[in-house]
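Commentary on secondary and tertiary structure
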Amino acid sequence: MSKESKQTGIKETKDKKRATTVVITSGKGGVGKTTTSAAISLGLAMKGFKTVVIDFDVGLRNLDLVMGCERRVVYDLISLINKESNINQTLIKDKRSENLFILPASQTRDKDALTESGLEEIMNELHETFDYVICDSPAGIEKGALMAMYYADKAIVVTNPEVSSVRDSDRIIGVLASKTKKAKEKGESVEAKLLITRYDPQRVSQGEMLSLDDVKDVLSIPLLGVIPESKTVLQASNSGVPVTAYQDSEAGQAYLDAIDRFLGHDKPLRFITPEKQNFLKRLFGGK
């Protein structure tokens, strides 16, 4: 017998398989973690998986902007930890998919309000309802980032094809192997996969960016996907719409391909070779 909450319409079902917790992380800021969290969350929801995405960037909070629900935030993650609200009051139902919910961060609280015990209680409650819990991590290895990855079953490490981003991602992979609950209790590393964003094959061919092989050689984790540099990503973020909603765009298609690979489907990589220029473009220096 299942029951449905009046506030959010979440169905709670007994004897349900445990949800999968996925942290979206990176060492460097500005590589596209929040864009990726929004895109993958909506993509999973579009495929029928009940999904919640949590913003762990306490004090800043950007996920609600990317998801287009900033005006609907009443309570937040810290409200929930402090028991100032319950789960149904705090979760925001996405307007695009009945399967997607957002748990925003607080802009006014301190990161110290994130406690392991409080977060564990929330995670246990979310696992009773959802198929996937997506954790949008702050950059680096400060408290918010460590808490975002602590309960992770899987990790998606987001990096740009440039040296400092790759180096910082290498550090994060080490943290996933040592600082998570899985590592501490079972001595196991969180299963991590690599997502390369802002990839421009033309610039790679000109030696201005690292190649896919360069990045894979350094990080040595399986490649989940490659997201091409695209104006659609900025357009989507500014519009408060996850880029997977733009299914005709190269970036949207690349994210959907990455989601299929995440779910175990075989998908060839696209948008990783330079576009061939026609004769007139070459003649007149077109790009």
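Residues numbered from 1 in each chain as written. Predicted model: local features only at pLDDT ≥ 70, side-chain atom pairs only at ≥ 80, totals over all residues. Heavy atoms only, no water.

**Brief notes about the side chain of D257**
To keep things clear, this is the line we draw: The numbering of helices and of strands both runs from the N terminus, where a helix is a DSSP run of H or I of at least 4 residues and a strand a run of E of at least 2. In this scheme, a residue with accessible area under 20% of its type's maximum is buried, one over 50% is exposed, and one in between is partly exposed, where area comes from a 1.4 Å probe on protein chains only. Whether two residues touch is decided by their heavy atoms; if any such pair falls within 4.5 Å, the residues are in contact.
Looking at the element boundaries, D257 is found in helix α12 (residues 250-262). The exposure class of D257 is buried, given its relative accessible area of 6%. The residues contacting D257, other than those within four sequence positions of it, are K267, P268 and R270.

**Topic: unusual backbone geometry**
Residue R198 is not a glycine yet carries a positive backbone phi of 55°. Along the chain, R198 falls in strand β9 (residues 191-199). What makes R198 partly exposed here is its relative accessible area of 42%. Even without glycine at this site, S220 takes up a positive phi of about 55°. Tracing the sequence through the fold places S220 in the loop between α10 (212-219) and β10 (223-228).

**Observations regarding the nonpolar core**
Let me state the cut-off plainly: The term nonpolar core refers to a set of buried residues drawn from Ala, Val, Leu, Ile, Met, Phe, Trp, Tyr and Cys, joined through side-chain atoms within 4.5 Å.
Counting 47 residues, the largest nonpolar core has F56, L77, L126 and L176 as the members making the most contacts within it. Residues in contact with L176, not counting those within four places in the same chain, are V23, T25, M149, A155, V157, A183, S189, V190 and A192. Residues V53, V66, V158 and A254 belong to the second largest nonpolar core, which totals 35 residues.

**What about the layout of surface pockets?**
We count it as follows: Site definitions follow a grid-based scheme: protein atoms alone, a 1 Å grid, a 1.4 Å probe that fits but cannot get out for cavities, and for pockets an open set with protein on both sides within 12 Å along at least five of seven lines, plus lining residues having an atom within 4 Å of a point. Grid points are joined across faces, edges and corners, and a volume is the space filled by probe spheres set on the points. Each residue receives one of three labels: charged for Asp, Glu, Lys and Arg, nonpolar for Ala, Val, Leu, Ile, Met, Phe, Trp, Tyr, Cys and Pro, and polar for the others, Gly being one of them.
In this structure, the second largest pocket encloses a volume near 510 Å³. Lining of the second largest pocket is provided by 26 residues; of these, G30, V31, G32, K33 and T35 occupy positions nearest its centre. Residue assignment for the lining of the second largest pocket shows that the elements contributing at least two residues are α1 (33-46), α2 (63-67), β9, β10 and α11 (231-239). For the lining of the second largest pocket, the residue count by class is 11 nonpolar, nine polar and six charged.

These values are about where atoms sit, not about what they do.
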